[in-house]
Amino acid sequence: MAMNQTKLIAVLYAISDQIIEERDYLTELDRPIGDNDHGINMSKGFEAVKTKLETLADQDIGTILKTTGMTLVSTVGGSSGPLYGTLFMKMGMKLAKKNEITFDEFLDAFQIGIQGVGERGRSTTGEKTMLDALVPAMEAMKTAWEADHDAKAALQAGAKAAEVGAEHTKELIATKGRASYVGERGIGHQDPGATSAMFMIRTAAEQM
Ligand code: ADP
Ligand code: MG
């Protein structure tokens, strides 16, 4: 699989539309363990991303991703804005000036982006956050890719792992972000950020 700017822009439009479509569901998930705004925050951010994408057709992959990240940072009110912003900005920095990337380059950038989220949020897996979908997805993609170099199979494995990871957050007690305020009472509730991450990964996998 090779990815170019045109394909990347199509993937980002699809991710934006998916997040906007799941606005109410993501907000609803944020009610019992947060402040009832995750879908509102995210859809506002991705509406802005969609507008920005219209101006990015001639840019390289790094610039497209960096601009997406910066747009999320500046338009998403909640803590998810800087975190997802970091994910896309770090990926963009890693892929600076590239017009086409290989699956290995994508995986490398995805890993660096996720590391950036953990640094920015001082968080790791098992804390009931977006990392509980992002990290298993990345690891599953890597394992599948190394096993038989089939990008499609690797993306499907990543999407599946993100679904399992998001579902698994129901069992976790949050130690980061607003959900940490409710502690054990959060058990049984799925993390909104892990769910938005799952939607993004699943949509990207379907598109790529
Ligand atoms: P806020 O919590 O400011 O209202 P959102 O509701 O938009 O922001 O996003 C909440 C989501 O952000 C959580 O469900 C969680 O997945 C993610 N999150 C919060 N804090 C962190 C952190 N320190 N590291 C990683 N993800 C985090
Ligand atoms: Mg919130």
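See the structure shown above.
In this text the structure is predicted, and so the values were computed from the model without any measurement.

How each quantity is defined
- Along each chain, the written sequence defines residue order, and numbers are assigned to residues from 1.
- Numbering of ligands from 1 and lettering of chains from A proceed in the order in which they are written.
- Local features in this predicted model are restricted to residues of pLDDT 70 or higher, and side-chain atom pairs are both shown and tallied only at a pLDDT of 80 or more, whereas totals for entire chains, interfaces and linings draw on every residue.
- Side-chain measures were taken over the full set of non-hydrogen atoms in the model, leaving aside hydrogen atoms and water.
- Helix numbers and strand numbers start at the N terminus; a helix is a DSSP run of H or I with at least 4 residues, a strand a run of E with at least 2.
- One less than the residue count of a helix, multiplied by 1.5 Å, gives the span that helix is expected to have.
- Polar contact is defined as a pair of N or O atoms within 3.5 Å, subject to the rule that within protein one atom must be able to donate a hydrogen and the other to accept it, and that residues adjacent in sequence are counted only when both atoms are side-chain atoms.
- Nonpolar core, defined: a set of buried Ala, Val, Leu, Ile, Met, Phe, Trp, Tyr and Cys residues in which side-chain atoms within 4.5 Å join the residues together.
- Only protein chains enter the area calculation, which uses a 1.4 Å probe; residues under 20% of their type maximum are buried, those over 50% are exposed, and those in between are partly exposed.
- A contact between two residues is defined here by any heavy atoms of the two lying within 4.5 Å.
- Residue proximity to a molecule or strand is established when one non-hydrogen atom of the residue lies within 4 Å of it.
- In this classification, Asp, Glu, Lys and Arg are treated as charged, Ala, Val, Leu, Ile, Met, Phe, Trp, Tyr, Cys and Pro as nonpolar, and every other residue, Gly included, as polar.
- Lines are fitted to the C-alpha atoms to define the axes, a helix being fitted only along its stretch in contact, and any angle between axes, read from their N-to-C directions, falls within 0 to 180 degrees.
- Any angle from 65 to 115 degrees is called roughly perpendicular, while one under 35 is roughly parallel, one over 145 is roughly antiparallel, and all others are oblique.
- Crossing handedness is defined as follows: a turn of the near helix away from the far one that is anticlockwise and smaller than a right angle gives a left-handed crossing, while the clockwise case is right-handed.

## As for helix α9 (residues 192-207)
Given a rise of 1.5 Å per residue, 16 residues ought to cover 22 Å, and the 23 Å separating the end C-alpha atoms of α9 matches this to within 8%. The N-cap residue of α9 is D191: its side-chain oxygen and the backbone nitrogen of G193 are 3.2 Å apart.

## Some thoughts on the nonpolar core
Membership of the largest hydrophobic core comes to 56 residues, with the highest contact counts inside it found for F46, F106, F110 and L134. Of all the elements in the fold, those that place two or more residues in this core are α1 (5-21), α3 (38-53), α4 (61-75), α5 (80-94), α6 (103-121), α7 (131-148), α8 (151-168) and α9. Ranked by residues supplied to this core, first place goes to α7 with nine residues. For F46, the residues in contact, after removing those within four places along its chain, are I15, S16, I19, I20, L72, F88 and M200.

## Re the site of ligand 1
Neighbouring residues of ligand 1: 20 residues in total, closest N41, S79, S80, S123 and D191. Elements represented by at least two residues in the shell around ligand 1 include exactly α3, α5 and α9. Broken down by element, the shell around ligand 1 gets its largest block of residues, three residues, from α9. Across the shell around ligand 1, the residue classes break down as four nonpolar, 10 polar and six charged.

## Describing α5
End to end, α5 covers 21 Å across 15 residues, agreeing with the expected 21 Å (1.5 Å per residue, within 8%). When we look at burial in α5, the residues that qualify are S80, G81, L83, Y84, G85, T86, L87, F88, M89, M91 and G92. Packing partners of the buried residues in α5 comprise α1, α3, α4, α6, α7 and α9.

## Remarks on the packing of α1 against α4
Packed helix pairs are characterised by how far apart their axes lie and by the angle those axes make with each other. The contact between α1 and α4 brings their axes to 9 Å, and the two run at 20°. By the angle between their directions, the pair α1 and α4 is classed as roughly parallel. In this structure, α1 crosses over α4, and the sense of that crossing is right-handed. Where α1 approaches α4, its residues Q5, L8, I9 and L12 are matched on the opposing element by I61, I64, L65 and T68. Partitioning the contact of α1 with α4 into residue classes produces six nonpolar, two polar and no charged.

## Observations concerning the environment of I112
Note that I112 resides in helix α6. Counting along the chain gives 94 residues from I112 to E206, while the straight-line C-alpha distance between them is 22 Å. Not counting residues up to four positions away in its chain, the partners in contact with I112 are K90 and K94.

## Focus: the side chain of Q190
The residue Q190 is located in the loop between α8 and α9 in this model. Within the structure, the side chain of Q190 is placed 3.0 Å from the side chain of T195, a separation counted as a polar contact. Among residues more than four places away in sequence, those in contact with Q190 are Y25, L29, I33, A166, E167, T169, K170 and T195.

All we've got here are geometric facts, nothing functional implied.
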